[in-house]
Amino acid sequence: MRGMYTAGVLDVLMENNIPVDGIVGVSAGALFGVNYPSRQIGRVIRYNKRFAPDKNYIGLWPLLKEGNIVSTQFAYHEVPCKLDVFDDEAFRASGIPFWAVVTDMETGEGEYLLLESVFEQMDILRASGSMPFVSRPVVWQGKRCLDGAIADSIPYRWMADQGYEKRIVVLTRQAGYRKKPMNKALCTAFYRKWPKFLQKLLTRHSAYNAALDELEQWQANGEAFVLRPSEEINIGRIEKDPEKLQAVYDLGRKDAQAQLAQLQQYLQAE
């Protein structure tokens, strides 16, 4: 739910017609980022405020019922297909390539999967956003996958490798944040059958922190434009309070508006 910050940023970029010709999303960034090509301003905060308090959407009930803390049936099918409809036709017609990152549990490596239809490839998004420990692996084309953030939390290097010369990076942690190691005993208890995935979990903090260090250099050198929270976001991963979700969304909007002129200059510069 820290992704409400991303939603606020993206809505401001859409309102100001900031052009992009490629997007890669990870975890909540993938789940909410698909609304950029579909041009559905306000949809993310609207449906999350509406449904987050519902026990069927996210939390203990779907975890006990399905083995997933975010309900497969309600959150990934009922909401986007019936209750707050995602515009898959606009997404497909946008012409903007959109990749979602998942982690292959067998190899421990990231898979960067091109989405051509959200409805037809919903399981890719579900895999990208399936947090370890509280989600069942999602099988996609024979591969057992979980949260893309385990393999590549901030895929700015991958986008550079695809030939994108200017990168807009949206983070949900404030400047100076550094990730701490995960509990080794807990990780081992859950994932000892997948040693390469386990190793990625245990070293994720160091990879993530190294990426932040490098990204700061990229930003200083003009190789990336980074949008990040101007203050610490203090909500849980499965926050249910609509007012807290709104506050995080509003912070994203405020920070994006404050840096909009700088972003436009960055994109226009040779």
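To be clear, the structure that these remarks concern was listed above.
For clarity, every value in this text was computed on a predicted model and none was experimentally measured.

Peer 1: I'd love a proper account of helix H11 (residues 242-268), names of residues and values included.
Peer 2: Between its terminal C-alpha atoms H11 stretches 37 Å, which fits the 39 Å expected from 27 residues at 1.5 Å a residue. Where H11 bends most, the angle comes to about 55 degrees, and this point is Leu-260. The complete set of buried residues in H11 reads Leu-245, Val-248, Tyr-249, Leu-251, Gly-252, Arg-253, Asp-255, Ala-256, Leu-260, Leu-263 and Tyr-266. Between the side-chain oxygen of the N-cap and the backbone nitrogen of Glu-243 there are 2.9 Å, and the N-cap of H11 in question is Asp-241.

Peer 1: Please provide a residue-by-residue account of the packing of aromatic side chains, values included.
Peer 2: All told, the structure shown has 17 aromatic pairs when counted by the stated rule. Ring centres 6.3 Å apart and planes at 35 degrees place the aromatic pair Phe-51 and Tyr-57 in the tilted group. Judged by relative accessible area, which is 6%, Phe-51 ranks as buried. Aromatic pair Phe-190 and Tyr-191: ring centres 5.9 Å apart, planes at 40 degrees, arrangement tilted. Residue class for Phe-190 comes out partly exposed when judged on its relative accessible area of 40%.

Peer 1: I'd love a proper account of the pairing of strand E1 (residues 23-26), names of residues and values included.
Peer 2: Here E1 shows a buried face lined by Ile-23 and Gly-25 and a second buried face lined by Val-24 and Val-26. Two strands pair when backbone bridges link them, and E1 and strand E2 (residues 98-104) are joined in this way by 4 bridges, in the parallel orientation. Along E2, the bridge assignment pairs Ile-23 with Phe-98.

Definitions and cut-offs
- Each residue is numbered by its place in its chain's sequence as written, counting from 1.
- Totals for whole chains, interfaces and linings use all residues, but because this is a predicted model, local features are given only for residues with pLDDT of at least 70 and pairs of side-chain atoms are given and counted only at 80 or more.
- Only hydrogens and water are removed before side-chain values are computed, so all heavy atoms of the structure are retained for them.
- Runs of H or I in DSSP of at least four residues are treated as helices and runs of E of at least two as strands, each being numbered from the N terminus.
- Multiplying 1.5 Å by the residue count of a helix minus one yields the expected span of that helix.
- To obtain the bend at a residue, axes are fitted to the seven residues ending there and to the seven starting there, and the angle between these axes is taken.
- Remark: exposure states derive from per-residue accessible area (1.4 Å probe, protein chains only) relative to the maximum for the residue type, with buried under 20%, exposed over 50%, and partly exposed in between.
- Contacts described as polar in this section are N or O atom pairs within 3.5 Å, which, within protein, must combine one atom able to donate a hydrogen with one able to accept it, while residues neighboring in sequence count only if both atoms come from side chains.
- Paired rings are identified among Phe, Tyr and Trp, the last through its six-membered ring, by centres lying within 6.5 Å, and are further divided according to the angle between planes into stacked (under 30 degrees), edge-to-face (over 60) and tilted (the rest).
- Only when DSSP finds a minimum of two bridges between them are two strands counted as paired.

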